[in-house]
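# Understanding the architecture of this molecule
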Amino acid sequence: MNQVQAQPGVSVHGDRNLQELEALGLAQVPLLDFAVNLNPFGPPPFLLTALREVDIVEYPDRTSQASRQAIGSALGVEPAAIALGNGACELLWSLARLWRGQTALMIEPTFSEFAEAMRAEGGRVVSVQAPDCTTLAMSSQAVSEAIATHHPAVVYICNPNNPTGGFSELQVLRAMAHEHPAVTFVIDESFLSLSEHADGRFEVIGNANVVRVRSLTKDFSIAGVRVGYLVADPALIRRLEAQRPPWTVSRLAQEAAIVAVSAQAESWLAQARAALASLREDLRGGLSRLGMNVLPSSVNFVVAHVARSATALRHELLLRHHVVVRDCTSFGLPQHIRLCVRAAPDQQKLLEAMRGL
C-alpha cells in the first residue's frame, strides 16, 4: 500500500441529487435506484406499526435510556457503553470533535465522511491506499507502518468496507488495536448486519481504544428516520455526550432502535441476509458475463470495473434508462461503479440496460 496525503473535496454520496434530476427533466420520473445501499426488503411491517404508534408531541428522552438499554442487552454490554445518534454519519462527525486538530488515518478507498469531519475540525488526514485492484484489500502491516510514520490519534476503518464490500476479520482489528494502544480505532460497521459476517456483530472486541459505529437505517430501509449507535468505552461516551447538543435523536428514531434489536427483527434480518446473498451472486454473475471485473463482496452491494468513465456511464444509464448507479470517482475509482443488490426483476432490467450501452 502506498501512503499518500488525502485530498480535500466535496462530500459525495449515493442519494439522489434533486437539482440534477430537475435539470435533466427527470424529477417526476420513476427511477430504478441501485446507488443507495438500503435493504430492498424493508421496512418490515412490524417496524412501521411501532413507528405509527409513537407519540410525537412529547420531547424525546435526551439520554435515549430505553434504546441504549435495549441495544446493550442485545450486545451484552452496559448501556453506558452505548451512544445513539441521528444516523451513523452524525455519530462520525461527533466523534471527530474528540480529536480536533489532530491526525486521522484513513484506509482507502472508503466512505469519506469521517475524513471530511476531521478536516472540518482542523485535523490532518492521511491515508493508506490499497494496491490490489482485484480486491482493494486492507493490509494490516501497511496500516501499522503508516501509524509509525504519521502518529495519528485515530484510525478509521470501514468494515465491511464501502464501496468495495471487503471485510477484515475481528481478530485482525483486535490485534491492531492491541499493538497500538495510544491510537483509537473507529470501526464503521454500518453494513455489518447485512453481510455474511453478521454473527460477529455480537462479539465484543474488548479493546478500550476501539469504537464500533452502526447504522440501523440501512438494515431496515428507514433512511428517512435517521438512527444509528456506537459502542465504546464509557469514558469516551461521556466525552462524546459532553459536546453534543440535546435531542439529537427523535422519539421515532429511539423507538426504531428498540424494535431493530428485538428478536422479531433479528429473525427478519436473518431471512433478508440469505436472500440478499443469493441476489448478490446473481448480480455478480450477470455483470461478469457482460465482461466486467466485479470485486469480491460480502455485503448487499458490489463494485464493478467498467473500463470507461464511470461518470459518463452513470449519466447515460440515468438519461436513457432511468437507472441510477453509484459513480465511484469520488472514491478515487473513476472506472468503477457501485451497485446495490435489488430484487431479481430489477437486476435483470439493469443488466439489459447495461448490455445496450
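Residues numbered from 1 in each chain as written. Predicted model: local features only at pLDDT ≥ 70, side-chain atom pairs only at ≥ 80, totals over all residues. Heavy atoms only, no water.

### Quick look at the environment of Leu 236
Following the sequence through the fold, Leu 236 ends up in helix α8 (residues 234-242). What makes Leu 236 buried here is its relative accessible area of 8%. Spatially, the C-alpha atom of Leu 236 lies 21 Å from that of Val 125, the residues being 111 residues apart in sequence. When sequence neighbours within four positions are dropped, the list of residues in contact with Leu 236 reads Leu 95, Leu 98, Trp 99 and Val 211. (Helix = DSSP H or I, 4+ residues; strand = E, 2+ residues; numbered from the N terminus. Buried < 20%, exposed > 50% of the residue type's maximum accessible area, 1.4 Å probe, protein only. Contact = heavy atoms within 4.5 Å.)

### Here's the deal with helix α5 (residues 113-120)
The element α5 is extensively covered by neighbouring structure, given that six of its eight residues are classed as buried. All buried positions along α5 are accounted for by Glu 113, Phe 114, Ala 115, Glu 116, Ala 117 and Met 118. If you follow the buried residues of α5, they end up packed against α4 (88-96), β4 (103-108), β5 (124-129), β6 (154-158) and β7 (184-188). Taken from the residues just after α5, Gly 122 is the one with a positive phi, measuring 80 degrees.

### Quick look at the packing of α4 against α5
Put simply, α4 and α5 touch, their axes get as near as 8 Å, and they point 35 degrees apart. At the point where α4 passes α5, the crossing takes the right-handed sense. Mapping the contact onto sequence places Cys 89, Leu 92, Trp 93, Leu 95 and Ala 96 in α4 and Glu 113, Phe 114, Glu 116, Ala 117, Met 118 and Ala 120 in α5. Here the residues of the contact of α4 with α5 sort into nine nonpolar, no polar and two charged. (Axes fitted to C-alpha atoms, helices over the stretch in contact; angles between N-to-C directions. Left-handed = near helix turned anticlockwise from the far one by under 90°. Nonpolar A, V, L, I, M, F, W, Y, C, P; charged D, E, K, R; others polar.)

### Points about the environment of Val 29
For Val 29, the location among the structural elements is in the loop between α1 (18-23) and β2 (32-33). Note on Val 29: relative accessible area 24%, which makes it partly exposed.

### Some points on the packing of aromatic side chains
Inspection of every chain in the model, using the stated rule, returns four aromatic pairs. The interplanar angle of 35 degrees and the centroid separation of 4.9 Å between the aromatic rings of Tyr 59 and Trp 247 together place this pair among those described as tilted. In this pair, Tyr 59 sits in the loop between α2 (45-52) and α3 (65-75) while Trp 247 sits in the loop between α8 and α9 (251-260), placing the two residues 188 residues apart along the sequence. Under the relative-accessibility criterion, Tyr 59 is labelled exposed at 61%. Both rings, one in Phe 114 and one in Tyr 156, keep their centres 5.5 Å apart while their planes meet at 15 degrees; by these two values the pair is stacked. (Phe/Tyr/Trp six-rings, centres within 6.5 Å; stacked < 30°, edge-to-face > 60°.)

### Some points on the side chain of Glu 121
Topologically, Glu 121 is positioned in the loop between α5 and β5. Classification of Glu 121 as buried rests on a relative accessible area of 16%. Apart from residues lying up to four places away in sequence, Glu 121 is in contact with Ala 96, Arg 97, Arg 100 and Gly 101.

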